[in-house]
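# Coordinate analysis (summary)
Next come the chains, spelled out residue by residue.
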Amino acid sequence: MTGPPAVWAEAAAVAVSRRTLWSGVDLDIAAGEFVAVLGPNGVGKSTLVKVLLGSLPLSAGRVRVLGREPGGASQEIGYLPQRRSFDPSLRVRGVDVVRLGLDGDRWGAPIPGLARVSAAARRASARVAEVIDLVGASAYADRPIGRLSGGEQQRLLIAQALVRRPRLLILDEPLDSLDLPNQSSVAALIARISREEGVTVLMVAHDVNPILPYLDRVVYIAAGGAVAGTPAEVITGPILSRLYGTAIEVLATSDGRLVVIGEPEAPAHHTDRHSGHPHADPL
Amino acid sequence: MALLAVAAPRLGWNPVSDIDQLLRYHFMLNALRAGTIVAVAAGAIGWFMILRRQSFVGHTLATVGFPGASGAVWLGLPATWGYFGFCLAAAMVVGLLPRRALGAASSGLSEESAVIGTVQAMALGAGFLFTSLYHGFLSGTTGLLFGSFLGVTDAQVWTLLAVGLAALAVLVVIGRPLLFASVDPDVARARGVPVGALSFLFVLLLGAAAAEVSQITGTLLIFALLVMPAAAAQQLTTRTGRSLALTVLIAVAATWLGLAAAYFSAYPVGFYITTFGFAAYLLAASTRLVGGRPRRAGR
Ligand SMILES: Nc1ncnc2c1ncn2[C@@H]1O[C@H](COP(=O)(O)OP(=O)(O)OP(=O)(O)O)[C@@H](O)[C@H]1O
Ligand SMILES: [Mg+2]
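Let us look at the structure shown here. Along every chain, residues carry numbers that run from 1 in the direction the sequence is written. Numbering of ligands from 1 and lettering of chains from A proceed in the order in which they are written. It should be noted that, the model being predicted, local features are given only for residues of pLDDT at least 70 and side-chain atom pairs only at 80 or more, the latter also being counted only at that level, while totals for whole chains, interfaces and linings use all residues. Calculation of side-chain values draws on the structure's entire complement of heavy atoms; hydrogens and water are dropped beforehand.

## Observations concerning the packing of helix H3 (residues 55-74) of chain B against helix H4 (residues 79-96) of chain B
Residue and element names in this part refer to chain B. As a rule, the C-alpha atoms of each element are fitted with a line to give its axis, helices using only the stretch in contact, and angles between N-to-C directions run from 0 to 180 degrees. Every helix listed is a DSSP run of H or I at least four residues long, and every strand listed is a run of E at least two residues long, numbered separately from the N terminus. One can describe the packing of H3 onto H4 by two numbers: an axis separation of 7 Å at closest approach and a directional angle of 140°. Judged on the interaxial angle alone, H4 and H3 are oblique. Where H3 crosses over H4, the two elements pack in a sense that is right-handed. Listed contacts from H4 to Val57, Leu61, Ala62, Val64, Gly65, Pro67, Gly68, Ala69, Ala72 and Val73 of H3 are Ala79, Gly82, Tyr83, Phe86, Cys87, Ala90, Ala91 and Val94. An angle below 35 degrees is read as roughly parallel, one above 145 as roughly antiparallel, one from 65 to 115 as roughly perpendicular, and any other as oblique. Note on convention: near helix rotated counterclockwise from far helix by under a right angle means a left-handed crossing. Clockwise means right-handed. In what follows, a contact means two residues having at least one pair of non-hydrogen atoms within 4.5 Å.

## So, the interface of chain A and chain B
Listed per partner, the contact involves 38 residues of chain A and 31 residues of chain B. Around 3,100 Å² of area is buried between chain A and chain B when both sides are counted, 56% of it from carbon and sulfur atoms. The term salt bridge refers to a pairing of a side-chain nitrogen on Lys or Arg with a carboxyl oxygen on Asp or Glu at a separation within 4 Å. Where chain A packs against chain B, one counts two salt bridges. With its nearest N and O atoms 3.4 Å apart, the salt bridge here joins A:Asp87 to B:Arg53. Sorting the residues of the side of chain A that touches chain B by element identifies helix H1 (45-53), strand E5 (77-80), helix H2 (94-103) and helix H4 (150-162) of chain A as the ones contributing at least two each. In terms of residue count, the dominant contributor to the side of chain A that touches chain B is H2(A) (five residues). Classification convention: Asp, Glu, Lys, Arg as charged; Ala, Val, Leu, Ile, Met, Phe, Trp, Tyr, Cys, Pro as nonpolar; all other residues, Gly among them, as polar. By residue class, the composition of the side of chain A that touches chain B is 17 nonpolar, nine polar and 12 charged. Summed over both partners, the accessible surface that disappears when two parts come together, traced with a 1.4 Å probe, is what is meant by buried area.

## Some remarks on the site of ligand 1
We call a residue near a molecule or strand when any one of its heavy atoms sits within 4 Å of it. In the vicinity of ligand 1, 16 residues are found, and the nearest of them are A:Gly42, A:Lys45, A:Ser46, A:Thr47 and A:Gln82. Taken together, the residues near ligand 1 originate from chains A and B. By the criterion applied in these results, polar contacts are pairs of N or O atoms within 3.5 Å in which, for protein atoms, one can donate a hydrogen and the other can accept it, and in which residues neighboring in sequence qualify only through two side-chain atoms. A:Val43 places a polar main-chain atom, nitrogen or oxygen, 3.2 Å from an oxygen atom of ligand 1. Take A:Lys45: an N or O atom from its side chain is 2.7 Å from an oxygen atom of ligand 1. At the level of elements, strand E2 (19-29) and H1 of chain A are the ones that each hand at least two residues to the shell around ligand 1. Broken down by element, the residue count for the shell around ligand 1 peaks at three residues, all from H1(A). Broken down by class, the residue content of the shell around ligand 1 amounts to four nonpolar, eight polar and four charged.

## Points about the coordination of the magnesium ion (ligand 2)
All names here are of chain A. Atoms of type N, O and S within 2.8 Å of a metal are treated as its donors, and for Na, K and Ca the window is 3.2 Å; water is not considered, so some sites may appear to be missing partners. At the metal site, the magnesium ion (ligand 2) is ligated by Ser46 (OG) and Gln82 (OE1), and these contacts range over 1.9 to 2.1 Å. Taken together, the residues Ser46 in helix H1 and Gln82 in the loop between E5 and H2 connect sequence positions 36 residues apart. Residue classification places Ser46 among the partly exposed residues on the basis of a relative accessible area of 22%. Residue Gln82 is classed as partly exposed on the basis of its relative accessible area, which comes to 24%. Residue burial is assigned from relative accessible area. The probe radius is 1.4 Å, only protein chains are included, and a residue is buried under 20% of its type maximum, exposed over 50%, and partly exposed in between.

## Digging into the environment of A:Glu33
Residues and elements named next belong to chain A. Mapping Glu33 onto the fold places it in the loop between E2 and strand E3 (34-38). Between the C-alpha atom of Glu33 and that of Pro5, which follows or precedes it by 28 residues, the distance is 10.0 Å. If we ignore the near neighbours within four places in the chain, the residues touching Glu33 are Asp28, Ser194, Val199, Thr200, Val201, Asp216 and Arg217. In this structure the side chain of Glu33 is engaged in a polar contact, spanning 3.2 Å, whose partner is the side chain of Arg217.

## Digging into a nonpolar patch on the surface
Patches draw on residues past 30% relative accessible area with no salt bridge. Two like charges within 9 Å are joined, as are two nonpolar side chains (Val, Leu, Ile, Met, Phe, Trp, Tyr) within 5 Å. With residues, only the protein chains shown are counted as cover, and all accessible areas are computed by Shrake-Rupley using a 1.4 Å probe. A surface patch of nonpolar side chains, amounting to about 720 Å² of accessible area, comprises B:Trp74, B:Leu75, B:Leu77, B:Trp81, B:Leu129, B:Leu133 and B:Tyr134. Residue position: B:Trp81 is located in helix H4.

This is the structure we're talking about:
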């Protein structure tokens, strides 16, 4: 409980093109917590991420990230944007993309063969190899990233977000484009890093089930505002049904875990993503 | 063409005497100097242009150089001034075109294409007007559009060198963040990389490169040095450093071979540089098809 909260917001509101997406949002996320941001399509989850990164200003209220103004702590944040896929013709290796996450923001030009003479360059290469190994991407990290499958690209991008040992990880739908076994293994990996290295994780997700066992807190964004709380408080049938505007059931398994059933986006979000369906208005 | 008035150089089987013939005349020395400077700058900047998918912008900037050069000649000024003045001014304008306000820097480029296409057509039209206004210059139009290596002055070599070195120096300073911003703009921005400023700066570099290359290959053949070497190198390796070095090497080789071939024959230099660039690309592509794949899969 010492030190500033990792993410803190008070009466925050945001507007894009003069339209208020959400307002009156209060957040208080302690260092080391694993937090999920949930909510229907188009409600402003990615917009919240942009606010935290400092690329979009609030229209009202205040927000602090790692104790600073948004954008002020960019060196200590690992970020994975939503659904990027690299152009198939991009002839840059996966390991080079991960490497950019380590020192891509430093001025200067990479010098080929430097790792043979400089200890710092050798350490950097070793760190990149270590983190690629950690996410299990060693087998394909030397191939051009444009030629890798969506899931393979995603693992490398998670490695890129991790490579600088950030204090805060902001992941926008990192499990997207992974199959079910990979969803649980990547979720477990991120949870392990969060616990072992004390990293705060803020993960936007559509399907809460793979991360449910690890969550300390849930932020639900619905039209207008947000509800935050522990999973047990927020993930209940009546609250979810109200937020999504669809009947949703939450069951408790024998070991006390929760399982969300009937979550609208989970199986079908690839098809309804671009249809721009109007969200039913909860709250 | 006018070249034949100088001498009648003949290619023989003795490389020493061939090179001796090649370097005998000052105009040819200047052509080789200018070509080398231009090839190095164009190779490196072209490599980033391909990565950023800005070939269309590059071509348009070169096209704007055409009315610049022909206008300068019409007014009795050195063509070099026209090239650099117009290309760099056009680069400023393109660099300041409004982009999509939020995110999606890579897709913001498609928005430019309508404006840029319009400018390109207008530039070609205006250039043709200037060449017509300057009576008797019409034969020079071919040189401006398709390249010529005659009459490179000492002053022009120095200008090319100064601009080329300045552009390369900037590229060395911004290289890594520019690579980051080109491959992965969203994450780069989140890391504090000034993506917008870099993109503006790169368009300026592209304007300088387009102006430089136009003076060797002509306005319409700039891709011989801006695209072909980078495309060939990317076939051969996916390692960024090696790929860049190889690009510069191929660009310089194509330029030297092209200038020499043009010197010993009656056909224009633009054709030869393009041909050597194309040959490098074909060779690289077939090397990759034949032997590249299994080797890379190994590790
Ligand atoms: N640059 C922009 N200009 C105008 N409107 C925007 C802009 N960016 C986002 N929006 C709008 O803001 C709303 C929220 O977008 P956001 O990307 O935050 O949604 P999301 O909750 O992440 O949705 P999804 O689950 O589909 O990823 C959407 O209605 C979107 O159309
Ligand atoms: Mg989103």
